[in-house]
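Chain by chain, the residues run as shown.
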Amino acid sequence: MTTTRITAALAALSATAVLAAGCGGSDEPDTSSKGGDGASAQVGGTFTGVYTSFPDYIDPALSYTQEGWMTLWPAYTGLLTYKHAEGAEGAKLVPGLAEALPEISDDGLTYKLKLRSGLKYSDGSPVKASDFEHTIKRVLNLESGGSAFYLSIEGAEKYVKAGKADGDITGITADDATGEITIKLAEKDGQFSYYLAMDFAGLVKGDTAFDNLTAKPPIGVGPFVISNVKSNRSVTLTKNVNFTALPEVPEAKADSITIEVQKNQRRQAQDIINNAIDFMTDPPTPDQIREVKTKAADRYKEEVTNSQYYFFLNERVAPFDNEKVRQAVGFAVDERALARIFGGLLAPSCNFLPPGMIGYQKVEPCPWGEPGTADLEKAKALIKEAGAEGKSVTVWGNDEDPSTPVVEYLADTLNKIGLKAKPRIVDGSVYFSTIGNQKTEAQTGFANWFQDFPSPANFMFLVDGKSIQSTNNQNFGNVDDPDINAKIADAKANPDIEAVKDEWAAADKALIEKAYVIPYGNRKLTKITSDKVAFDAFLWHPVYNQDLASLGGK
Amino acid sequence: MAEATQLAGAPSAGAPVGADAPPDSAQVGLWRAAWRAIRSSWAGRLSLLALIVVVGSSLAAPLWANHVAHTGPFSNHLSDQIRLHGQLTDVVSFDGVPIGPTFQGRFFLGADGNGRDIMVRLLYGGRNSLQISLVATILTLGLGTLLGLVAGFFRGWVDSVISRFLDIVQSTPIILLGIALGVATALGGVNLGIVKFAGDSLMIPALIIGFIQMVYVARPIRGIVLGLRERPFVEAARSQGATSARIIRREILPNLGTSLLVLAPIIFAQTVSYEAALSFLGAGVQAPNASWGKIISEGLDVLISAPHLTVIPGAVLAVTVLSLNLLGDVVREAIDPRGTVLAAQKDER
């Protein structure tokens, strides 16, 4: 998910720090909606939640925000999906509407899947294999933000160029009789299975219009149906009576869930303390957290997300072209100080990969001391050694929380170690395109990333030399280290992340040791519910945040 | 004094003002009248005292920072602790709540979310707010007078063009216009050819506020000039062959002194408010500089647990604006008891 979008939406995607090995799931339908500790929820009941912002779209082909994905996931199941579980278990790819994970050819270019038999859409009509191609066509034809994920399919670019909605994507073939679907890629992409699990690829009927259907969302397959949308006000999910639990997709617990928009986060927290609403997605304001912890301690939990907050250091621009200066920044930054700016909702870290990600191996010892320790004297000495004393540095940030105070902290810290720094705050809507333009020559500044899908590739492309562009560059520090590039390329080509997790970890470690970026922590989000909700059974999913299918009463 | 009296009794916009008055040598009288009014009124004395305290303490910001608080306006103290009532206390707690007023040298009025000393930032913020407001007021009065003078004196198409331009500016919501200009200039700064200001320069909000406010001076000045240009002393100068430039310089401009003196404190009070509003909304003073509006906005997220962040700068802002308005009223009553200048301003709105 792009940084801009996610920053605005305070994106989702969390995971616990626990890594679990192994994969696969039971073939028996999961109907228990059990939380990590085995808690279960009652079936039935109606619930009300709040978002601070209305989802960008209520259409799986188009939505690219946390609110949208969280709403749509239980209503649009794809061929592949994620396990309805917390922590690392929830980040595992599992078959959704497909019978099994894809069979991938040796050259990594062909993916074969088979649709389960007897599947029905929420209107009762049968699911057909050919609906998959229609689903992908909608994503491409509507110029969705997610279309880039599917352009590696053979014929996809040609389909887009032709501009005909009813055209053909030659790389997708489907047999409605057998349910077999074959996808041919124009180029190898080890992450393609993850793209099949994204909401964009949640199956919709073959006659679904090539329009933004937010007002009347498409028919899909899943525990819920989106039954009512009041634009910018509320969205209601009703239990899908035509859905039978799949091995990895449970039936909905609740009869219906209505999510309303409440812009005032202070009001949201008050309402939830008073049990006027059942759940909220954004954290309370910093000074309400104490109150929530006091008054609703048994229904409040902080969750570390698969995200990264870091300072980029542009190695093409002085003084950060000097490794010693970069190291000095590493020594000077105090992660625990920064955590206070986040109201405590930041887990200090030395790694670039978040702890919930496969491939995470704690960089130990951290070259700059344990997170939360700063050594200004050492940093000053390094600056002096590099001959960078008094060098001017502009620290870039945007006007969205928490970028400005973070950038003010960094500028002050750089001044303390002998540089001459000043912050430069620009409008959030143009920030990333500004620092992503090589002409800007942004020296250092604020950056963050929330995962699109739970693969290290979705983080490491931010520091891959191959991803450097002249405009819209997301490798803000222009990190281009041959050793790191090679490690990323090798690991990325392999769709089996478990098999290459050590390579990802090695790339992460090299990145930190050479001080190309200075990560300082992973964002925490909060789960808060009313007394009515079975708190432990309401799952915190590492990709979708709060799992609405698991929401139920005590 | 004669000039002051005549102008004070001048009719509203468009009607003759300052008839038969010797147009020069009057300014000293105006200032004296204003000063006398301030001294003789409790509101005048109180508001002047408040302003002296605000301005004086703002000017003394470096003294407080260096010799009392021992910290600068940009220094973060996120991980620091101070001794308070014999106990070590976090300047900013781990959950992000800053310390409140300590009423001792360090963090006298508490800290903000970055652990910066609020008293220090308040004083430096005052310097910035007042500096911006002063420049903006001068700019407003200068631009407004120029446009109003030209429009009122030359009339015809010149008047039409200027008046329509002012209509356009006035028809745009002032805060929205300020935000749009502030956001647009924050990235690339302002390049006026001979002068260039960086995106974080304090001059940018001053220019923006000066621009958006000029209409509130230009319109009443135009109305007054329309009246002045028909007065006998102007006719006399014209019949003696005086050029337009000379008439403006020697006959018209000196007669605008009362109007400008009446308008100045009101405009100044407005600019202080606009600066605070724009900075509050992120389009005024840019980080890391402080301003009262910016400090208030930074405190919103911790309004309940750290109310000092919003209440203290808010109170200082309120006192400053109230004092300026009170002072303006006192001055106006002394030199324009019939309220003709404000009436002209109101009419033109």
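Residues numbered from 1 in each chain as written. Chains lettered and ligands numbered in written order. Predicted model: local features only at pLDDT ≥ 70, side-chain atom pairs only at ≥ 80, totals over all residues.

*Asks:* Just checking my understanding: could you explain the overall build of chain A for this structure?
*Replies:* Scanning chain A from N- to C-terminus turns up 16 helices and 20 strands. Principal axes of the C-alpha set define a box for chain A whose edges measure 70 × 55 × 40 Å. Relative to its full complement of 554 residues, chain A shows a buried share of 59%. A separation threshold of at least 6 residues defines the contact pool for chain A, and within that pool the share at least 24 residues apart is 72%. (Helix = DSSP H or I, 4+ residues; strand = E, 2+ residues; numbered from the N terminus. Buried ≥ 20, exposed ≤ 12 C-beta atoms within 10 Å, placed from the backbone. Contact = placed C-beta atoms within 7 Å.)

*Asks:* How should the interface of chain A and chain B be read in this particular structure?
*Replies:* Interface size, as often reported, equals the accessible area lost upon joining of the parts. Every contact between the two is made by 26 residues of chain A and, on the other side, 27 residues of chain B. Counting residues per element, the ones that place at least two in the side of chain A that touches chain B are helix H8 (286-295), helix H10 (335-341), helix H12 (403-416) and strand E16 (420-426) of chain A. The dominant element in the side of chain A that touches chain B, judged by the number of residues it contributes, is H12 of chain A, at 6 residues. Taken together, the residues of the side of chain A that touches chain B sort by class into 11 nonpolar, 5 polar and 10 charged. (Nonpolar A, V, L, I, M, F, W, Y, C, P; charged D, E, K, R; others polar.)

*Asks:* Looking at this structure, how should I read the pairing of E16 of chain A?
*Replies:* Look at any regular strand and the pattern is simple: side chains alternate between the two faces of the sheet. Residues and elements named next belong to chain A. The buried fraction of E16 is high, at 6 of 7 residues. Sheet topology note: the strand E15 (residues 392-398)/E16 ladder contains 7 bridges and is parallel. Note on E16: the bridge partner recorded for Ser392 is Lys420. Traced from E15 through H12 to E16, the parallel crossover comes out right-handed. (Pairing = 2+ DSSP bridges. Right-handed = clockwise from strand over helix to strand, strands pointing away.)

*Asks:* Can you help me understand the sheet that holds strand E4 (residues 103-104) of chain A in this one?
*Replies:* All names here are of chain A. Read from one edge to the other, the open sheet built from 4 strands follows the order E4-E5-E7-E6, with strand pairing classed as antiparallel. At either end of the open sheet lies a strand with only one pairing partner, and these are E4 and strand E6 (172-175). Of the strand pairs in this sheet, E6 and strand E7 (residues 180-184) are connected by 4 bridges, and their pairing is antiparallel. Paired with Ile172 across the bridge in E7 is Ile183.

*Asks:* Even after reading the chapter, I still don't get the environment of His84 of chain A, so can you show me in this structure?
*Replies:* Residue and element names in this part refer to chain A. With respect to the secondary-structure elements, His84 resides in the loop between strand E2 (80-82) and helix H3 (87-90). In this structure His84 comes out as buried when scored by C-beta crowding, with 24 C-beta atoms within 10 Å. Sequence separation between His84 and Asp547 is 463 residues, and the spatial gap between their C-alpha atoms is 7.4 Å.

*Asks:* I would appreciate a short explanation of the nonpolar core in the present structure.
*Replies:* A general tendency of soluble globular proteins is for nonpolar side chains to be buried together. Core analysis: the biggest nonpolar cluster contains 149 residues, and Tyr310, Ala328, Leu338, Val463, Val517 and Ile518 of chain A have the highest contact counts within it. Residues Leu185, Ile257, Met280 and Trp540 of chain A belong to the second largest nonpolar core, which totals 93 residues. (Core = buried A, V, L, I, M, F, W, Y, C linked by C-beta atoms within 7 Å.)

*Asks:* Looking at this structure, I do not really get unusual backbone geometry. What am I missing?
*Replies:* Excluding glycine, most residues fall at negative phi; most peptide bonds, likewise, are trans. Residue and element names in this part refer to chain A. With an omega of 0 degrees, the peptide bond running from Glu364 to Pro365 counts as cis. With respect to the helices and strands, the residue Pro365 is situated in the loop between strand E14 (346-347) and helix H11 (376-385). Across the junction of Asp401 and Pro402, the peptide omega takes the value 5 degrees, indicating a cis bond. Along the chain, Pro402 falls in the loop between E15 and H12.

*Asks:* Looking at this model, I keep getting lost on helix H3 (residues 42-59) of chain B. Mind explaining?
*Replies:* Each turn of an α-helix holds 3.6 residues, which means side chains three or four residues apart point in the same direction. All names here are of chain B. The first and last C-alpha atoms of H3 sit 25 Å apart over 18 residues, in line with the 26 Å expected at 1.5 Å per residue. Those residues of H3 lying buried are Gly44, Ser47, Val54 and Ser58. Each buried residue of H3 sits inside an arc of 105 degrees when the element is viewed along its axis, so together they form one side. Set apart from the buried face of H3 by more than 90 degrees, the exposed residues are Trp42, Leu49, Ile52 and Gly56. (Expected span 1.5 Å × (residues − 1). Arc of directions from axis to C-beta.)

*Asks:* Explain the environment of Gly115 of chain B to me, please; I cannot follow it from the model alone.
*Replies:* For Gly115 of chain B, the position within the fold is in the loop between strand E2 (87-90) and helix H5 (118-154). For Gly115 of chain B, a count of 25 C-beta atoms within 10 Å corresponds to the buried category.

*Asks:* What exactly am I supposed to notice about the packing of helix H15 (residues 482-493) of chain A against helix H16 (residues 501-513) of chain A here?
*Replies:* All names here are of chain A. Packing of H15 against H16 leaves a shortest axis separation of 9 Å and a crossing angle of 160 degrees. As judged from the angle between their axes, H15 and H16 are roughly antiparallel. Considering the relative orientation of H15 and H16, their crossing is left-handed. For the pair formed by H15 and H16, the contact residues are Asp483, Ile484, Lys487, Ile488, Asp490 and Ala491 on the first element and Glu503, Trp504, Ala506, Ala507, Ala510 and Leu511 on the second. When grouped by side-chain class, the residues that make up the contact of H15 with H16 number 8 nonpolar, no polar and 4 charged. (Axes fitted to C-alpha atoms, helices over the stretch in contact; angles between N-to-C directions. Parallel < 35°, antiparallel > 145°, perpendicular 65-115°, else oblique. Left-handed = near helix turned anticlockwise from the far one by under 90°.)

*Asks:* Where do I start with the packing of H5 of chain B against helix H8 (residues 203-213) of chain B in this structure?
*Replies:* Geometry of a packed helix pair, given as the angle between the helix axes and the separation of the axes. Residues and elements named next belong to chain B. In contact at an axis separation of 8 Å, H5 and H8 are set at 35 degrees when each is read in the N-to-C sense. Read as a crossing pair, H5 and H8 show a hand that is right-handed. Each of Ile132, Val135, Ala136, Leu139, Thr140 and Leu143 in H5 lies in contact with H8, whose residues at this interface are Met203, Pro205, Ala206, Leu207, Ile209, Gly210 and Gln213.

*Asks:* Could you clarify how one ought to interpret the pairing of strand E8 (residues 224-230) of chain A in this entry?
*Replies:* All names here are of chain A. Note: E8 against strand E9 (residues 234-239), 6 bridges, orientation antiparallel. Within E9, the position partnered with Ile226 by the bridge is Leu237. Linking E8 to E9, which pair antiparallel, is a turn of 3 residues; within it Asn232 sits at a positive phi near 65 degrees.

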